[in-house]
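Letter by letter, the chains look like this.
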Amino acid sequence: MEQHEEQYDIAIVGAGPGGYSTALRAAQLGRRVALIERDATLGGTCLNRGCIPSKALITATHAIDTVHRVSELGVNASVDGIDFGRLHDYRLHIIDTMTKGLAGLLAHRGVTVYRGEVVGLSSVSGNGSRDDSGDGPRHALTVNASPAAAGGQVERYVNAGVGEPVGATVSVTARDVVLATGSRPRPLPGVPFHAAVIDSTHALEINEFPASAVIIGSGAVALEFASMWSSAGSDVTLLIRKDRVLSGWDRRAGVTLTRELKRHGVTIITHSHVTGIDTGANLGATVRYTRDGEDGEKTVWGQIALAAIGRDPITDTAWMRDSGVTLDRAGMVVTDELCRTNLPGVWAVGDITEGPALAHRAFEQGIVVAEAIAGLDPTPVDDATVPQVVFCAPEAASVGFTLDQAQSRDDLESVGETVYPMLGNARMLMSGSAGSMSIVSGAYASDPDVPVVLGVHIVSPLASDLIAEAEQLVGNRVPLHDAARLIHPHPTFAETLGEALLKADGRPLHTR
């Protein structure tokens, strides 16, 4: 069978945040780039099945929360129901707008997109070394038509939305290959996704919010669905293994958010361990579990059971295994600080690399890889400066070290934590929400006389926006005294960070 061949400087497998950011930056730097995606649309999980559609639904349910509260403010309003058809259309409209916009941007930058499925990666020339001239091994990616492709053909897109068939199999060769294959939801051990046991992708596609739901997990995905469905009137039970949600975060943030979710109507069962789930046709899901310190097995029933215990890297394909790329025991691609794998000219970014599985981390990894390939000297991604956000009600956001993490490090001295009373802020008081704010500060041993901001942990409305300033302080190691002199507009939620910084600097204003 004749095989079509195309040559590029860089070939990227996967068009999610890590893949498309690599493509955009590499094209900007003058490289000829091929981007290979098996799905019908670009953007990966984030744009199609994760970040964007979930936040579209969360935006809608936040509006319900607002209506429920306005009676306290003297405004007469009520929620008469949810038009699920229009809500469905709204979600799809947001996804369509974002994915088409991405396709247009890639075309404008000159990136060639292939719709097809990679089935092979091999070295086709060179001696396994690279030099500054760009000489070295070339790699060949064998691309077959996606199972759902019309006519069984790989499609090539030079112009956005205009595909041309280029054969059932295409060989894309390049000096550098970037792996960005993403991740998939992790099932519970021994309990595959089936019937009423669903993953986050299925949860976004159901036509109506469930009347009742059992959610297993305590991370961002679990909490966002718990908050969203509860706001829409669902009876939500959350099963968590520790004493609080977000157990790996700052303790105060986790305790505060656990309390607020309960106040918003979510039933939280702590110290629980799922032992099995019973399902049947139209019977929903009966989740069996045990609790630490209690005898016997217990049950809780829901119309659906959402397993949100994490995600697994998509590295278990035959072609990835046969490529020779080194994987760790969890299936993550092993890379150095610049995202280079053990194979010369092969890089990896995003959810298949060890670290926070977040779109904005993948964006920066993609930029770093593109610049490294171009011969620039980019700063590696520092996972300690990657913000984490949970878009529930109220929001939670965190960046940098927790107190325990900072105290355990040998390169830090005089570590301390400052807690700011959030209800001392007028906008917080108006919001009707409780919250928490803590700042971790200390000095690096290399400069012991200059305390810096090491971590910031927030639970409040708009925490997702407030954390951006905190990331700049943590990432740039801004001296605490200088950070505390920054002026925050009044009256805003942002003042909470300004006041907390003043307190951490020993100069509290509206607090003790």
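In the annotation of an unreviewed UniProt entry, the entry for the chain reads FAD-dependent oxidoreductase, and the organism field reads Bifidobacterium amazonense. Under the Cofactor (unreviewed entry) heading, UniProt states for the chain: "FAD". The record held by UniProt for the chain lists under Sequence similarities (unreviewed entry) the comment "Belongs to the class-I pyridine nucleotide-disulfide oxidoreductase family."

Undergrad: Report on the pairing of strand E8 (residues 169–179), specifying residues and quantitative values.
TA: Among the 11 residues in E8, 10 count as buried, and that is most of the element. Pairing geometry for strand E1 (residues 4–13) and E8, over 9 bridges, is parallel. In the strand pairing of E8, Ile12 is matched with Val178. Of the strand pairs in this sheet, strand E5 (residues 138–144) and E8 are connected by 6 bridges, and their pairing is antiparallel. Considered in E8, the bridge of Leu141 is made with Val172.

Undergrad: How would you sum up the environment of Tyr420? Please name residues and give values.
TA: For Tyr420, the location among the structural elements is in strand E22 (residues 412–420). With residues near it in sequence (within four places) discarded, Tyr420 still touches Asn425, Met437, Thr496, Glu499, Ala500 and Thr511.

Undergrad: Tell me about helix H4 (residues 84–109), and name the residues and values.
TA: Taking 1.5 Å of rise per residue, the 26 residues of H4 would be expected to cover 38 Å, and the 38 Å separating its terminal C-alpha atoms lies within 8% of that figure. Taken together, the buried positions of H4 are occupied by Leu87, Arg91, Ile95, Thr99, Leu102 and Leu106. For H4, the elements touching its buried residues are helix H1 (17–28), strand E2 (33–37), helix H2 (44–49), helix H3 (51–69), strand E3 (112–115) and helix H5 (200–205). Of the residues flanking the start of H4, the one acting as N-cap is Asp83, its side-chain oxygen 3.2 Å from the backbone nitrogen of Gly85.

Undergrad: For the UniProt feature "domain: Pyridine nucleotide-disulphide oxidoreductase dimerisation" (unreviewed entry) in the chain, give the residues involved together with the corresponding values.
TA: The positions UniProt marks with the feature "domain: Pyridine nucleotide-disulphide oxidoreductase dimerisation" (unreviewed entry) are residues 386–500. Along residues 386–500, the helical share is 30% and the strand share 31%, with 21 Å between the first and last C-alpha atoms.

Undergrad: For the sheet that holds strand E16 (residues 298–302), give the residues involved together with the corresponding values.
TA: Across the sheet, which stays open at both edges, the 3 strands sit in the order E14-E15-E16 with antiparallel pairing between neighbours. The sheet is open, and its two borders are formed by strand E14 (272–279) and E16, each paired with just one other strand. Across the sheet, the mean angle from the axis of one strand to that of its neighbour is 25°, orientation sign disregarded. Where E14 lies against strand E15 (residues 285–291), 7 bridges are found, and the strand directions are antiparallel. Bridge pairing in E15 links His273 to Thr290.

Undergrad: Residue-level account of the packing of aromatic side chains, with values.
TA: For the structure shown, the criterion picks out 4 aromatic pairs. Between Tyr8 and Tyr114, the ring centres sit 6.1 Å apart and the planes meet at 90°, which makes this aromatic pair edge-to-face. Of this pair, Tyr8 sits in strand E1 while Tyr114 sits in strand E3, placing them 106 residues apart in sequence. On the basis of relative accessible area, Tyr8 is assigned to the buried category, the value being 3%. Centroid distance Tyr20 to Phe363: 5.8 Å. Interplanar angle 55°. Geometry classified as tilted. One end of the pair, Tyr20, is in helix H1; the other, Phe363, is in helix H9 (residues 359–373), and 343 residues separate them in sequence. The aromatic ring of Tyr8 is capped on one face by Arg32, whose charged end is 4.3 Å from the ring centroid.

Undergrad: Can you break down the pairing of strand E12 (residues 235–239) residue by residue, with the values?
TA: Of all 5 residues that make up E12, 4 are buried, and the element is covered over most of its length. In this sheet, E12 lies alongside strand E11 (residues 212–216) in parallel orientation, the contact comprising 5 bridges. Residue pairing for E12: Ile216 is matched across the bridge by Leu239. Taking the sense of rotation as the criterion, the β-α-β connection linking E11, helix H6 (residues 220–231) and E12 turns out right-handed. Relative to strand E13 (residues 267–269), E12 is paired through 3 bridges, and the arrangement is parallel. Directly across from Leu238, in E13, lies its bridge partner Ile268.

Undergrad: An account of unusual backbone geometry is requested, with residue identities and associated values reported.
TA: In this chain, Ala393 is followed by Pro394 through a cis amide linkage whose omega measures 0°. Mapped onto the elements, Pro394 comes out in the loop between strand E20 (388–390) and strand E21 (395–400). Although it is not a glycine, Leu246 sits at a positive phi angle of roughly 50°. With respect to the secondary-structure elements, Leu246 resides in the loop between E12 and helix H7 (251–263). With a phi close to 65°, Leu462 is a non-glycine residue in the positive phi region. Within the secondary structure layout, Leu462 lies in the loop between strand E24 (452–460) and helix H12 (463–475).

Undergrad: Requested: an account of the pattern of salt bridges, with residues and values cited.
TA: By the definition in use, this model includes 23 salt bridges. Across the salt bridge formed by Arg361 and Asp383, the nearest N and O atoms sit 2.8 Å from each other. With Arg361 in helix H9 and Asp383 in the loop between H9 and E20, this pair connects stretches of sequence that are 22 residues apart. On the basis of relative accessible area, Arg361 is assigned to the buried category, the value being 4%. Using a relative accessible area of 32% as the deciding quantity, one classes Asp383 as partly exposed. Here Asp411 and Arg409 are joined by a salt bridge, their closest N and O atoms 3.0 Å apart. Residue classification places Arg409 among the partly exposed residues on the basis of a relative accessible area of 34%.

The rules we used
- Residues numbered from 1 in each chain as written.
- Predicted model: local features only at pLDDT ≥ 70, side-chain atom pairs only at ≥ 80, totals over all residues.
- Heavy atoms only, no water.
- UniProt positions renumbered as here; feature names shortened; annotations may be inferred.
- Buried < 20%, exposed > 50% of the residue type's maximum accessible area, 1.4 Å probe, protein only.
- Helix = DSSP H or I, 4+ residues; strand = E, 2+ residues; numbered from the N terminus.
- Pairing = 2+ DSSP bridges.
- Contact = heavy atoms within 4.5 Å.
- Expected span 1.5 Å × (residues − 1).
- Polar contact = N/O pair within 3.5 Å; in protein donor to acceptor, adjacent residues only side chain to side chain.
- Axes fitted to C-alpha atoms, helices over the stretch in contact; angles between N-to-C directions.
- Phe/Tyr/Trp six-rings, centres within 6.5 Å; stacked < 30°, edge-to-face > 60°.
- Lys NZ or Arg CZ within 6 Å of the ring centre and 35° of its normal.
- Right-handed = clockwise from strand over helix to strand, strands pointing away.
- Salt bridge = Lys/Arg side-chain N within 4 Å of Asp/Glu carboxyl O.

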